[in-house]
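# Structural characterization, general
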Amino acid sequence: MRAGITILPEYPWSEAEGRWRRAEEYGFAHAWTFDHLGWRELVDGPWFGSVPTVTAAALATSRIELGLLVATPAFRHPVPFARELTALDDISRGRFTLGLGAGGGPGRYDHDVFGGSGGSGGSGDPGRIAPVGPDGSRAARFAEFTGLLDTLLTTDGADWHGTYYTAEGARNGPGCVRAPRLPFVVAANGPKAMDVAARYGEGWITTGTNRDDLESWWASLTELSERFDAALERRGRPRAQVRRFLQTDGAPVFSLGSASLYAEFLGRAGELGFTDVVAPWPRAEGVFAGSEDVLDTVAADVLPGLER
């Protein structure tokens with residue numbers, strides 16, 4: 001089992017740097033930030049770009065794996081994004097992992113900030129974000145987004161003529177530190193996204209299904225794990241080839257409410273076959289409210305027995 005922590009990009013770097021350094025010092029295996037333009041109830045507060053934040057974190061740390069949870073097609077085009085990823089991979093010396101997801105639709109800030117279209121442009125306008133409509137095309141756009149990123153990071157001079165994106169002779173030099181490319185961890189609960197995870201992912205990540213009580217939430221994870229097993233089988237991939245990440249944001253209780261509760265989350269996740277657990281850094285109030293002091297106890301009593 002490997003443990004990770006999510007640090008929201010809401011802090012100026014003078015405050016954030018210490019958290020990223022502490023995540024490494026505590027002994028977490030990986031640390032992440034959210035890749036959004038704004039997020040839920042925090043949309044009116046301070047929020048910083050995820051790529052510069054993780055770049056700074058890479059320079060402030062030396063061991064810990066770093067990543068985005070999760071990059072989506074909602075406001076990114078694969079061609080320039082691939083260049084940013086190559087730079088992150090280089091600056092981190094191969095410690096960067098990309099979390100990928102389909103992104104939210106209407107009612108989510110990343111969608112609505114573009115006037116409700118989730119962006120504009122498309123295959124005929126390759127420099128813009130591909131639009132998505134209400135007809136289920138979000139899943140198709142995500143599959144193409146992920147496939148094109150895979151191509152861009154592994155192929156020099158790539159051409160792509162898809163439904164949502166176009167690329168002509170896209171260069172990828174110098175390539176990624178880890179061959180054939182940096183790892184993808186794909187967020188998926190539904191069958192179409194699970195197929196993307198089974199096809200392209202070095203890891204699969206889920207928050208479970210929204211439930212009112214903890215036991216029901218754990219039951220949802222059992223069901224989702226079985227569905228992902230089936231998706232892997234359809235793609236002919238061995239189960240051991242794909243890491244399984246549990247993002248505890250979706251739990252009806254805060255997983256870092258206490259060190260004992262956190263240890264229970266790790267144990268139950270391991271029983272379900274998850275290889276990694278990612279929990280949010282405690283915040284002073286509101287979402288993920290808790291005490292940062294619990295991290296000291298977790299670092300002393302829980303993390304030493306885990307893989308790094």
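Above: the structure in question.
Residues numbered from 1 in each chain as written. Predicted model: local features only at pLDDT ≥ 70, side-chain atom pairs only at ≥ 80, totals over all residues. Heavy atoms only, no water.

### Quick look at the packing of aromatic side chains
Going through the model one piece at a time under the given rule, you end up with 12 aromatic pairs. Ring plane angle 65° and centroid distance 5.1 Å describe the contact between Phe34 and Trp39, whose orientation is recorded as edge-to-face. Both residues of the pair, Phe34 and Trp39, belong to the buried class. Ring geometry for Trp204 versus Phe274: centroids 5.9 Å apart, planes at 25°, classification stacked. With Trp204 in strand β8 (residues 203-206) and Phe274 in the loop between α8 (259-271) and β10 (276-280), the pair connects residues that are 70 residues apart, well separated along the chain. Overall, the relative accessible area of 0% leaves Trp204 in the buried class. Given a relative accessible area of 4%, Phe274 falls into the buried group. One aromatic cluster in this structure is built from Phe34, Trp39, Phe254 and Phe288. Its end group placed over the ring of Tyr11, Arg19 keeps NZ or CZ at 3.8 Å from the ring centre. A cation over a ring is seen here: Arg181 above Phe184, with NZ or CZ 3.6 Å from the ring centre. (Phe/Tyr/Trp six-rings, centres within 6.5 Å; stacked < 30°, edge-to-face > 60°. Buried < 20%, exposed > 50% of the residue type's maximum accessible area, 1.4 Å probe, protein only. Helix = DSSP H or I, 4+ residues; strand = E, 2+ residues; numbered from the N terminus. Lys NZ or Arg CZ within 6 Å of the ring centre and 35° of its normal.)

### A look at the nonpolar core
Judged by nonpolar contacts, the single largest core of 92 residues is most densely connected at Phe28, Leu98 and Tyr262. It is helix α7 (residues 214-235) that provides the largest number of residues to this core, a total of 8 residues. Each residue touching Tyr262, except ones within four places of it in the same chain, is listed here: Ala3, Gly4, Phe28, Ser255, Leu256, Ala279, Val298, Val302 and Leu303. (Core = buried A, V, L, I, M, F, W, Y, C linked by side-chain atoms within 4.5 Å. Contact = heavy atoms within 4.5 Å.)

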